[in-house]
Amino acid sequence: MNGKPFDIKDLSLAEQGLRRMEWADREMPVLRRIRERFARERPLDGIRISACLHVTAETANLVRALQAGGAEVALCASNPLSTQDDVAAALVHFFEVPVFAIKGEDTETYYRHIRSCLAHRPHLTMDDGADLVSMLHKERPGWMAEILGGTEETTTGVIRLRAMAREGVLAYPIIAVNDALTKHLFDNRYGTGQSTIDGILRATNILLAGRVVVVAGYGWCGRGIAMRARGMGAHVIVTEVDPLRALEAAMDGFRVLPMMEAAREGDLFITATGNIHILDRPHFEVMKDGAILANAGHFNVEIHIPALREMSVGEPRRVREFVEEYTLKDGRRIYLLAEGRLVNLAAAEGHPSAVMDMSFANQALSVEYLVRHGRALERQVYPVPREIDQAVARLKLETLGIRIDQLTPEQERYLASWEEGTS
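For clarity, every value in this text was computed on a predicted model and none was experimentally measured. (Residues numbered from 1 in each chain as written. Predicted model: local features only at pLDDT ≥ 70, side-chain atom pairs only at ≥ 80, totals over all residues. Heavy atoms only, no water.)

**Considerations on the pairing of strand β7 (residues 212-216)**
To keep it simple, the criterion reads: Using a 1.4 Å probe on the protein chains alone, a residue whose accessible area is under 20% of its type maximum counts as buried, one over 50% counts as exposed, and one in between counts as partly exposed. Only DSSP runs of H or I covering at least 4 residues are called helices, and only runs of E covering at least 2 are called strands; the numbering of each starts at the N terminus. Seen with the strands pointing away from the viewer, any crossover whose path from the first strand over the helix to the second strand runs clockwise is right-handed. Strands are labelled as partners when DSSP assigns at least two bridges between them.
Counting buried residues in β7 gives five out of five residues, a clear majority hidden from the surface. Alternating positions in β7 separate into two faces, V212, V214 and A216 on one and V213 and V215 on the other, with burial throughout. Handedness of the crossover is the feature at issue here: the chain leaves β7, passes through helix α9 (residues 220-231), returns alongside strand β8 (residues 235-239), and the resulting connection is right-handed. As paired elements, β7 and strand β10 (residues 268-271) share four bridges and run parallel to each other. Within β10, the position partnered with A216 by the bridge is T271.

Structure representation (structure tokens):
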């Protein structure tokens with residue numbers, strides 16, 4: 001590491017982590033092409049990046065692409081339970097990346113790691129949940145003049161950053177990678193759908209067929225979860241606060257109920273809203289004995305765990321690695337998965353590499369865009385430029401061997417004209 005600081009679990013896991021990275025790289029051809037171009041062109045030379053992301057094999061391959069472009073990257077975890085310790089070791093040992101992440105770290109360590117990552121004095125930030133950006137604004141306001149911009153990976157983070165922009169406190173431009181079509185249509189829907197179910201099944205080994213699964217939230221993540229649960233034979237109920245999304249869920253064939261009604265019927269509850277206390281004391285009071293609670297949202301606040309603890313007798317009992325049993329005063333048992341944190345990353349491996357390929361391609365190209373244009377942007381949250389979204393989609397199709405049609409000059413003229421109509 002040439003004397004660079006780091007804080008990881010075990011450096012001896014590096015070989016194992018490298019193999020995991022190589023396996024993921026096989027499924028990430030778009031990012032690989034970007035890495036190869038970056039290595040030739042070096043568009044990020046001299047740029048320091050502080051990244052607060054899930055420390056997974058896919059993230060490690062993003063870091064490799066940024067390094068190939070000339071960037072110096074420091075990395076910390078965006079969730080205390082999402083780190084793959086072998087990957088963290090591989091990044092330190094083989095790629096000399098300062099990594100501050102340990103799976104299972106406590107809250108104090110989590111925030112200390114973010115501070116260590118920020119000590120890199122970044123020109124650019126990459127965030128997944130906006131904890132790093134929030135801390136930077138609160139604790140290092142004097143550094144803002146050096147910062148060109150940042151990117152945000154997830155829905156929860158974009159919500160926080162837009163609130164900062166509305167209040168006039170956001171100090172530099174942020175690109176909302178989460179809102180790219182090639183991110184949320186695939187990562188949020190297919191990635192979250194598959195990986196959430198994967199995490200639940202690894203944690204519990206339950207049979208989904210025939211069970212009542214309640215999905216809270218019908219955004220792109222909720223859509224994916226509901227679709228995958230139904231595909232495995234579950235009876236799916238959706239809860240929503242948005243009338244348009246609720247109507248869409250109903251027309252997609254799902255039952256739509258208020259959570260108080262769904263709470264009486266559900267066997268498994270999955271939150272995916274980005275909001276607080278979606279499952280709360282009144283819901284716990286009416287749930288069945290044996291109800292299972294899982295969270296697919298970014299922060300561990302969607303399930304009101306302190307209320308569940310207050311309603312319980314004694315301390316929760318760990319019955320499986322990621323399953324805690326809460327016994328209520330009337331004898332009913334409620335099971336909480338992965339401490340209410342992101343179940344797909346805490347109890348499994350997160351999204352499949354093939355969808356993260358597009359998400360992280362957006363990240364890499366957005367960073368390149370900010371290096372070129374960041375100084376000209378306002379202190380706002382911006383969408384991913386359309387040309388980047390389109391480029392990622394084209395590259396993905398190419399790597400899949402899929403060819404599509406192109407408009408003829410005649411068709412382009414027709415679409416640009418108002419004069420032609422029915423003939």
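Additional details are given in the paragraphs that follow.
**Considering the side chain of N295**
Worth spelling out the cut-off: Polar contact is the term for a pair of N or O atoms within 3.5 Å; when the atoms are in protein, one must be able to donate a hydrogen and the other to accept it, and sequence-neighboring residues count only if both atoms are side-chain atoms. Whether two residues are in contact is decided by their heavy atoms: any pair within 4.5 Å suffices.
Counting through the fold element by element, N295 comes out in strand β11 (residues 291-295). A distance of 2.8 Å separates a polar atom in the side chain of N295 from the backbone nitrogen of G297. Apart from the residues lying within four places of it in its own chain, the contact partners of N295 are T271, N300, E302, I303, G340, R341, L342 and V343.

**As for helix α5 (residues 107-118)**
Applied cut-off: Expected helix span is computed as 1.5 Å times (number of residues minus one).
Taking 1.5 Å of rise per residue, the 12 residues of α5 would be expected to cover 16 Å, and the 17 Å separating its terminal C-alpha atoms lies within 8% of that figure. For α5, the full list of buried residues reads T109, Y110, H113, I114, C117 and L118. Along its buried surface, α5 packs onto β1 (48-53), β2 (72-77), β3 (99-100) and α6 (131-139).

**Observations regarding the sheet that holds strand β6 (residues 174-176)**
The criterion, for reference: Between N-to-C directions, angles span 0 to 180 degrees; the directions come from axes that are lines fitted to C-alpha atoms, helices contributing only their stretch in contact.
Ordered by their spatial adjacency, seven strands build an open sheet running β3-β2-β1-β4-β5-β6-β15, and the pairing between neighbours is parallel. One side of each edge strand has no neighbouring strand; the edge strands of this open sheet are β3 and β15 (381-383). Bridge count for β2 against β3 is two bridges, and the pairing is parallel. By the bridge assignment for β3, L75 is matched with V99. On top of the sheet, α5 reaches β1, β2 and β3; it is set at about 170° to β2, its chief contact.

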